Each structure stands twice: as structure tokens, then as C-alpha cells.
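# Architecture at a glance
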There are 2 protein chains.
Amino acid sequence: MTIVKGDSRAWQQVLAHVETQLLGGDVRPGDRLPSERALAEQLGVSRSSVREAIRVLEAFGLVRTATGSGPNAGAIVIATPGTAMSTLMRLQVSATGFPVADIVRTRLVIEAGVVGDLCTSHGTSDQLTEANALLDAMDSDTLSAAEFLALDAAFHLALAEASGNTVIAAMLAGLRAGIEAYASEGASRIADWPRTRDRLRAEHRGILTAVHARDAAAAHSRIHDHISGYYAEIVPPTRNEGPN
Amino acid sequence: MTIVKGDSRAWQQVLAHVETQLLGGDVRPGDRLPSERALAEQLGVSRSSVREAIRVLEAFGLVRTATGSGPNAGAIVIATPGTAMSTLMRLQVSATGFPVADIVRTRLVIEAGVVGDLCTSHGTSDQLTEANALLDAMDSDTLSAAEFLALDAAFHLALAEASGNTVIAAMLAGLRAGIEAYASEGASRIADWPRTRDRLRAEHRGILTAVHARDAAAAHSRIHDHISGYYAEIVPPTRNEGPN
DNA sequence: CGTGGTAGCGTGGTCCGACCACAAACGCGA
DNA sequence: TCGCGTTTGTGGTCGGACCACGCTACCACG
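Residues numbered from 1 in each chain as written. Chains lettered and ligands numbered in written order. Predicted model: local features only at pLDDT ≥ 70, side-chain atom pairs only at ≥ 80, totals over all residues. Heavy atoms only, no water.

## Things to note about the relation of the copies chain B and chain A
For the pair chain B and chain A, the relating rotation is 180°, the translation along its axis is 0.0 Å, and the fit reaches an RMSD of 0.1 Å. Accordingly, the operation relating the two chain copies is best matched by a two-fold axis. (Least-squares fit on C-alpha atoms with pLDDT ≥ 70 in both.)

## Side note on the pattern of salt bridges
Under the criterion given, the structure shown has 40 salt bridges over all chains. Notably, a salt bridge pairs R9 of chain A with E58 of chain B, separated by 2.7 Å at the nearest N-O pair. With R9 of chain A in the segment before α1 (10-23) and E58 of chain B in helix α3 (residues 47-59), the pair connects residues from two separate chains. Accessibility expressed as a relative area gives 16% for E58 of chain B, which makes it buried. Residue R55 of chain B pairs with E52 of chain A through a salt bridge whose shortest N-O separation is 2.8 Å. Placement of R55 of chain B in helix α3 and of E52 of chain A in helix α3 (residues 47-59) is noted, with the two residues assigned to different chains. (Salt bridge = Lys/Arg side-chain N within 4 Å of Asp/Glu carboxyl O. Helix = DSSP H or I, 4+ residues; strand = E, 2+ residues; numbered from the N terminus. Buried < 20%, exposed > 50% of the residue type's maximum accessible area, 1.4 Å probe, protein only.)

## A look at the interface of chain B and chain A
With 52 residues of chain B at the contact, the number on the chain A side is 52 residues. For the pair chain B and chain A, the summed buried surface comes to about 4,600 Å²; carbon and sulfur atoms form 67% of the total. Counting every contact that joins chain B to chain A gives ten salt bridges. Among the salt bridges present, the one from R90 of chain A reaches E19 of chain B, with a minimum N-O distance of 2.6 Å. Connecting chain B to chain A are 18 residue pairs in polar contact (both at pLDDT 80 or more). (Contact = heavy atoms within 4.5 Å. Buried area = accessible area lost by both parts, 1.4 Å probe. Polar contact = N/O pair within 3.5 Å; in protein donor to acceptor, adjacent residues only side chain to side chain.)

## Brief notes about the packing of helix α5 (residues 100-120) of chain A against helix α8 (residues 166-187) of chain A
Residue and element names in this part refer to chain A. Packing of α5 against α8 brings their axes to within 10 Å, and their N-to-C directions diverge by 145°. α8 is crossed by α5, and the crossing has left-handed handedness. On α8, the residues that touch V100, I103, T106, R107, I110, E111 and V114 of α5 are I168, M171, L172, L175, R176, G178, I179 and Y182. Partitioned by chemical class, the residues of the contact of α5 with α8 number ten nonpolar, two polar and three charged. (Axes fitted to C-alpha atoms, helices over the stretch in contact; angles between N-to-C directions. Left-handed = near helix turned anticlockwise from the far one by under 90°. Nonpolar A, V, L, I, M, F, W, Y, C, P; charged D, E, K, R; others polar.)

## Some points on the protein's contact with DNA strand C
Every one of the 29 residues lining DNA strand C counts as a neighbour, but R9 and A10 of chain A together with R47, R51 and G68 of chain B are closest to it. In DNA strand C, atoms within 4 Å of the protein come from the sugar-phosphate backbone in 59% of cases. Elements supplying a minimum of two residues to the surface near DNA strand C: α1 and α3 of chain A together with α2 (36-43), α3, β1 (63-66) and β2 (74-77) of chain B. In the surface near DNA strand C, the residues fall into five nonpolar, 15 polar and nine charged. (Near = heavy atom within 4 Å.)

## Topic: the protein's contact with DNA strand D
Around DNA strand D, the structure places 29 residues, and the nearest of them are R47 and G68 of chain A together with R9, A10 and S46 of chain B. Atoms of DNA strand D within 4 Å of the protein: sugar and phosphate make up 61%, bases the balance. E36 of chain A is positioned with one of its backbone polar atoms (N or O) 3.1 Å from a phosphate oxygen of DNA strand D. Between a base oxygen of DNA strand D and a side-chain N or O atom of R47 of chain A, the distance comes to 2.7 Å. Elements that contribute at least two residues to the surface near DNA strand D include exactly α2 (36-43), α3, β1 (63-66) and β2 (74-77) of chain A together with α1 (10-24) and α3 of chain B. Class assignment for the residues of the surface near DNA strand D results in five nonpolar, 15 polar and nine charged.

## Details of the packing of aromatic side chains
All chains considered together, the criterion is met by seven aromatic pairs over all chains. A centroid spacing of 5.4 Å and a plane angle of 80° characterise the contact between Y230 of chain B and Y231 of chain B, whose relative ring orientation is edge-to-face. Here Y230 of chain B and Y231 of chain B have matching classes, each one buried. Following the ring pairs from residue to residue traces out a cluster consisting of Y182, Y230 and Y231 of chain A. (Phe/Tyr/Trp six-rings, centres within 6.5 Å; stacked < 30°, edge-to-face > 60°.)

As C-alpha cells, this is what we get:
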């Protein structure tokens, strides 16, 4: 079944053509797409339409483009869903298509699943070295709040990547990107930041400890309290002073 | 004339401009973007570059475009993440960026979270009417396998939507789209389809029953067995005849 | 005065041709 | 043989042109 939807627009024809070749295995990651001019001639559309389709493919993390000549130039098929997912989430949050609360709830679900997988999988010790290194880096007292939060995000992402599930890792990266602005802004409202920071450190260690101990129940409750606790702390205070 | 920061490409400048206006609340869903020609003049880029940016926004489900004149024409900001997520997943699976196994594992995690939320939330009875109606529709014996699977997908999506989490609903729609071809093709390999169909029906009823009974543990195990059981059944048999 | 049809206008959609910057491959000359 | 300029091909951008569409407003006719 081809993807023949309402391909009324020329650029959709190009997109469908590339997707068909992708599905059929005619082109695979690492391969180069035909040049824009050649693709335009093959499909009987203008180069502008081809470019619009390639732009979509690029935004979805399916191809990367490079100027010049040689094997590294042109549109090369890749498969990097992380940035695309992050962009999608960030833009949707910007347009209020995704409420922050829903993203946090989704994080709860996904990260609970991550630690559950980690507890039941085997040989996770070496896969968690990255997470451990990040926790050590977060022990530095010279970190700003923003730097700490960046390491925090990297830690959670490292957990997801340690589970070996690329889809979950990409989704978590997207979720994080969607609420990054919210989390950063909320941190600035925390009165006693050093206290919160120390609590987060301890909670991180506790999560990893539970994972190493294969204690799924403890890991689940700890990651849940960790995430929900932070967002409960940075939720804007109910102020009666100005509904305008 | 405009000083370029990291957005070396013109269309990225347009994208950044629109995103900034989105974040600042200057434009919100329902509003119209300036016309392509006006936007090009404002930002000092060509209309082609503006169009490429709008194409990305459209692919991400942030705007919809319409020809003609009047209030319904032009690029109108919307927020429909479902189709964008589905397209992203489908394309990534096509490019083998997302293994099917990872998508199934992610479904397990997310749908387990969905039923968990449904068990703890209040007043879910009316929100589950859609799911119940789908189950009734699936009781028809005149359905083809493809039709049954379509209703199956709709049922799972209805569960996610009943949880009220737009992010999870969009993600589940995307996950389903990514493995739709795989699930359909696998169904054709099932020897005793009526038997599998009846089993799926019973499992669906069992899931809903557990949700209504607020039995989170039962709902969790039943949705897990339901999903993993189906994909275990359609896993391709090891065959040596593979064409290179 | 009311009504219906039509011309106008602005929109996105598409195509074309041109030029630029870039990078690799080529080829000529030292 | 080596080095460096030239050629070639790529994406990136721009401007212009035309089309189909759909609303708007106007004008002619009843």
C-alpha cells in the first residue's frame, strides 16, 4: 500500500516518493538522495517543491544536507529522531498545543517505565556509568542553577538511554525540551535553591541505588516523587493580587 | 542586513521568528500568520525561504494553509500534534531509526501508565463511553482483519484520550502509526484469525473491567499481556529465504 | 430599492532562471 | 612527482512570473 494520501501538493508527492523508497529499502541511512535538480526532473516537479519536501525530511531528522561536492555533500539519509522530537515538543508547547502538566505526567509514566526496565534488564552496570558520572559532576558546588538543571536533564536522559530503548530516549529528550523553559524559569523562583539542589542530589542517588538493587518498587516510587516533587515546588504560587 | 546568529540558513530565521512570536503569545492558535510575501519582506528574506519554514511548521502540525482569500485563507496557527507525531514515527520507522521492538516496548510503558491513570482518576465512566462503543463495534463478525485492527487501534487511542493527557494521546497515535504496517502485515500471518480475534475481544473487555473496578494491578497486567501477546504472535518466523 | 452576477484583489501553490558559497575532484604546470 | 589553480556539482538564496482559488465589493439590471 503506497502512501497515496491527498497528494494534491507537489511537495507531498516528493515526500511520498522518498518515503516509499525508504520503506522499500531502496535507500537506507548513509545513502545519498539524488540531487535536488535530478529529483525535480525525475518527479516532474520544480526544484522549489523538492526543496520543501527535503526541508520537511530534514526537520524530521531523516536527512542531513551539506553543500559542496563529494560523498559528504548533498542530502544524506540519517535517522536522528531526537532533535526532531525535541523540536516538535518545543514548538507544540510554544503554541499551547501541549500543556506543561500533561508533559510532566507523561514524564512520570515514561521514566517509571525506564527504571522498571532497568531493574529487570541484565548487565546495566556499565550502561549506567554515564549516569553515575553525571551525578558526580552534579556534586560540584560551583554550578549555577542552569548548569545543574542541564546536568539533571542529562542524567534522566542517560537513564533512558541505558534502557536501550531508542524510542523512549527520543521521547524523553522531546519532553524535556518542551518544558525546559518552564523548568528553568521555575528554578529561579525557588527560595532556598541550595536546599532543593541537595535534595535532588540525594534523590538521584536513591534512584540509582534502587536500580542497582533491582528494587523496582522503590525505584518507581522514588522517580515518581523526584519528578512530581520538583514540579510541585516550582508551580507558580497562587497569587490573589492581579487577575487583571 | 539582519545580523545572523546561529541560524545560518534563512528559513531557520523565519522559523525562529515564528517560534518567538509563539512563545511570546503574540500569535496564538486561531490567528493568521502574515502572508508569505509580507513575512518575506519583514524578515528580509525571499518568499522561497519563508515557504520552506512554513512547510516545516505545517509538517509539525503548527499551522494549516489554505488558498484563496478571507479569514479562512492563509497560514493559520493550529495545534494538532497528533498527525505530526504520527508522521514523525512513521518516517523514522521507515528509515529504521526506530526499531519495531522499541516501539512495542514503549507502548507497553505508556499504555500501562494510561490504565494506571484511569484507575486513579475520577468520573471516568463517561469518558470511557467511546472505548465501550468501539468494543461493541468490534463484536461484529463481518469485520475484516484490517477493519478489526483499525478499531483496535482506535480503542487503545480512546483509552489514552480518556486519561485526558494530550501528550500521551499524541504519542500513542504516533507509536501506532509507526507500527501500523507491521501490525497489519503480521495479522495476515496468523493462522487462526477468528481465535485470535476472540481472544483480543475478551482481553479488551477485561482491561475495561479492571479499569472500572479501579483495579490498577489487574489493569496493568492485562494491558501488558494484551499488547505483548499480540506482537509475540505476529513475530515473523525465522526464514532463510530472505532476498538480498 | 433590491438582487444577482461579475470583476477585482489577495492568498497560497508552482515553476523558472539566475547567482552565490562551498567542497571535492580534476588537470595543468613547475 | 608535487602543488595549486580550475572545473564541476552540490545546496542555499533570490526575484519574478503565472495559476487556481475564494472572498469582497461593486455595478448593472430587474
